[in-house]
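Listed below are the residues making up each chain.
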Amino acid sequence: MWWVKLIVVILLLAAVISLGRALISLVKDQGKEGKTMRALAWRVGFSVAVFLFILLSMYLGWVQPHDVNPTLRYGEPIQSSEQVPSRNQGE
């Protein structure tokens, strides 16, 4: 679903913007007024929101997780007669 990706991207952009605001407030007034800590707290909050939203999306079936299984290729078992190219083949 395209809207799930859009929400995740928006939350990640908000986290990056909040990180930038923290940097600017740190450079301008060296964090004396607490603006830096507040901006960093918002960044952590946005990051946690992304994580929880992805978990909720998987639970509700909006996105389908996939795993990396070295014994399968395109969902089919890899035949043992196939040779896997090694890294040191050219040496």
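All values reported here derive from a predicted model rather than from experimental measurement.

What counts as what
- Residues numbered from 1 in each chain as written.
- Predicted model: local features only at pLDDT ≥ 70, side-chain atom pairs only at ≥ 80, totals over all residues.
- Heavy atoms only, no water.
- Helix = DSSP H or I, 4+ residues; strand = E, 2+ residues; numbered from the N terminus.
- Buried < 20%, exposed > 50% of the residue type's maximum accessible area, 1.4 Å probe, protein only.
- Contact = heavy atoms within 4.5 Å.
- Expected span 1.5 Å × (residues − 1).
- Phe/Tyr/Trp six-rings, centres within 6.5 Å; stacked < 30°, edge-to-face > 60°.
- pLDDT = per-residue confidence, 0-100.
- Patch = residues over 30% accessible without salt bridge, like charges linked within 9 Å, V, L, I, M, F, W, Y side chains within 5 Å.
- Areas by Shrake-Rupley, 256 points an atom, 1.4 Å probe, with all protein chains shown as cover.
- Salt bridge = Lys/Arg side-chain N within 4 Å of Asp/Glu carboxyl O.

1. Things to note about the overall build of the protein chain
Looking only at helices and strands, one finds 2 helices and 2 strands in the protein chain. For the protein chain, the α and β elements follow one another from N to C terminus as α-α-β-β. Sorting the 91 residues of the protein chain into buried and exposed places 14% on the buried side. Contacts in the protein chain between residues far apart in sequence, at least 24 positions, make up 56% of those at least 6 positions apart.

2. Notes on helix α2 (residues 35-60)
Taking 1.5 Å of rise per residue, the 26 residues of α2 would be expected to cover 38 Å, and the 37 Å separating its terminal C-alpha atoms lies within 8% of that figure. Those residues of α2 lying buried are Thr36, Ala39, Val50, Phe53 and Ser57. On its buried face, α2 is in contact with α1 (2-29). Where α2 terminates, the next one or two residues include Gly61, which has phi positive at roughly 85°.

3. With respect to the packing of aromatic side chains
One pass over the structure, following the stated rule, counts 3 aromatic pairs. On the basis of an interplanar angle of 65° and a centroid distance of 4.8 Å, the ring pair of Trp3 and Trp62 is categorised as edge-to-face. One end of the pair, Trp3, is in helix α1; the other, Trp62, is in the loop between α2 and β1 (72-73), with 59 residues separating them in the sequence. Classification of Trp3 by relative accessible area gives partly exposed; the value is 29%. Look at Trp62 and you get partly exposed, because its relative accessible area is 27%. When the ring of Phe53 is compared with that of Trp62, the centres are 6.3 Å apart and the planes differ by 45°; the resulting orientation is tilted.

4. Focus on the confidence of the model for the protein chain
The predicted model of the protein chain has a mean per-residue pLDDT of 80, with 85% of residues at 70 or higher. Taken element by element, the protein chain is modelled with least confidence in β1, mean pLDDT 78, and with most confidence in α2, mean pLDDT 87.

5. As for α1
The end-to-end C-alpha separation of α1 is 41 Å, in line with the 40 Å expected for 28 residues at 1.5 Å each. Inspection of α1 places Val4, Val8, Leu11, Ala15, Ser18, Ala22, Ser25 and Asp29 among the buried residues, and these make up the whole buried set. Buried positions along α1 lie against α2.

6. Section: a nonpolar patch on the surface
Side chains of Val44, Val48, Phe51, Leu52, Ile54, Leu55 and Met58 sit close together on the surface and give an oily, nonpolar patch of about 590 Å² of accessible area. Following the sequence through the fold, Ile54 ends up in helix α2.

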